[in-house]
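Overview (structure and organization)
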Amino acid sequence: MSDPIAPEATDVAGVQPEDSPETELERSRSATASSRALVYRRARTISVIGTFGILTLGCFYVAQSLLLPVIMAFLLSLVFSPLVRTLSRFHIPRSLTAITIVLTLSASVIAGIYGLSGPVSGWIDQAPQIEQQLRLRLADLSEPLDKLRDAQQKVSEATDQNNGNEDVQKVVVTEPNLISQAAEGAPGMLTGIAMVLVLLLFILSAGDLVYEKLVRALPTFGDRRKGIRIAHDVEREVSRYLATISAINIVLGLVVGISMAALGMPNPFLWGIAAAVLNYVPILGALTGIAIVGIVALVSMQTTSQALMAPAVYLACTVLEGQIITPALVGNRIRINSIAIVLAVAFWGWMWGVVGILVAVPLLIVTRVIANHVEGLGGLRELLGPHVHGNGKNVLTRPKRQS
């Protein structure tokens, strides 16, 4: 039997009664307060993350003398760890392999410094003659600069405050030259190289113990498994990239050295080493090498046409390597867009100088691998990912609704 009394919440037609104005006002106030709280929480999160990022970058800049050797040692360990692990399967002790690798690297560094000391010291001794020859070659280009220099000298004479008083003493501040700067930085550089080699020796001797120590710090078993996958993927990707790029750069250095010797350039051995080292820096390294070769060719060659041959051959070698050989061997393994690479090189070069430029791409590869495994870094993964030229759809347009 149904209840003869109608419910209070509905009318006869079964329609809900309209809310009173007070209820609507309370709901709007609650929604406004919730939105304000959400905006406040987001702003607080962004400010905390931004402050942490700025402090981290400041620590990276201040502690570069400590961090650079550590990062270089870990990157080198990623390159040589597969070799050490493979030889350990044939019952060769890890410590013996690590000592052999470190001694080989030390001998290579000493041989490189000794081989480059002769040509570099000769260039330093002949710097005045080289400058004079370069001015003679660039006489046509230096005419506007001479006019500007004369105008600057006239302005300086017109604004001279001495007024013929010879008793006024002039203070001239001279900056340290290249030789003094190199002499001041040599102890720090040698200390950093020694720290890299010693740390590399211990990391290679420890083997997978370093990975195990890092993974054990994670809280859950799933995080530990993910950490193991990230560590092995980072090792695989970085070691493959550095090994492949090193082989390509060695071949490029040999080709450039032989080409410079055939063209009659002085110190072709030095140019081969310079081409191999500079090619570790994407884009900027090749441009720097072409500029330096061009300047030395203008001083060394008899005619301008001969002088232009050396940078042209260097350009041809780098274009062949960058557009054909490296894409064919490396392929889509890195899968990082070129804009991110250029920005990384510029940023780490500004942060850490020449060494920062060398480690920029490996650090970018490490960041890309970590972003591929962490779900919360999807935006970073998309930002670093390669350019997609697929179906040509514009992601900024809204999809059409289905009728």
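Just so it is clear, the model here is predicted, and its values are computed rather than measured.

Details of the packing of aromatic side chains
Tallied over the entire structure, the rule returns five aromatic pairs. Consider the rings of F60 and W348, whose centres lie 6.3 Å apart with planes at 40 degrees: the pair is tilted. One end of the pair, F60, is in helix α1 (residues 21-62); the other, W348, is in helix α12 (residues 338-352), and 288 residues separate them in sequence. With a centroid separation of 6.0 Å and an interplanar angle of 55 degrees, the aromatic rings of F60 and W352 are classed as tilted. Of this pair, F60 sits in helix α1 while W352 sits in helix α12, and the two are 292 residues apart along the sequence. The class for F60 is partly exposed, based on a relative accessible area of 28%. Assessed through its relative accessible area of 6%, W352 is described here as buried. In textbook terms, an aromatic cluster arises when at least three aromatic residues are bridged by ring pairs, as seen for F60, F347, W348, W350 and W352.

Considering the nonpolar core
In a soluble, globular protein the nonpolar side chains are often hidden away together inside. Among the nonpolar cores identified, the biggest contains 31 residues, and V234, V238, W348, W352, L364 and I365 are the most heavily contacted of them. If you list the elements that add at least two residues to this core, you get α2 (64-88), α8 (221-263), α12 and α13 (354-373). Per element, the largest residue contribution to this core is eight residues, and it comes from α13. Formed by 16 residues, the second largest nonpolar core is a distinct cluster that contains L252, M265, W271 and C317.

Topic: the environment of I193
Considering the arrangement of structural elements, one finds I193 in helix α6 (residues 178-206). Classification of I193 as partly exposed rests on a relative accessible area of 28%. Separated by 124 residues in the primary sequence, I193 and P69 place their C-alpha atoms 7.1 Å from one another.

What counts, and where the lines are drawn
- Residues numbered from 1 in each chain as written.
- Predicted model: local features only at pLDDT ≥ 70, side-chain atom pairs only at ≥ 80, totals over all residues.
- Heavy atoms only, no water.
- Phe/Tyr/Trp six-rings, centres within 6.5 Å; stacked < 30°, edge-to-face > 60°.
- Helix = DSSP H or I, 4+ residues; strand = E, 2+ residues; numbered from the N terminus.
- Buried < 20%, exposed > 50% of the residue type's maximum accessible area, 1.4 Å probe, protein only.
- Core = buried A, V, L, I, M, F, W, Y, C linked by side-chain atoms within 4.5 Å.

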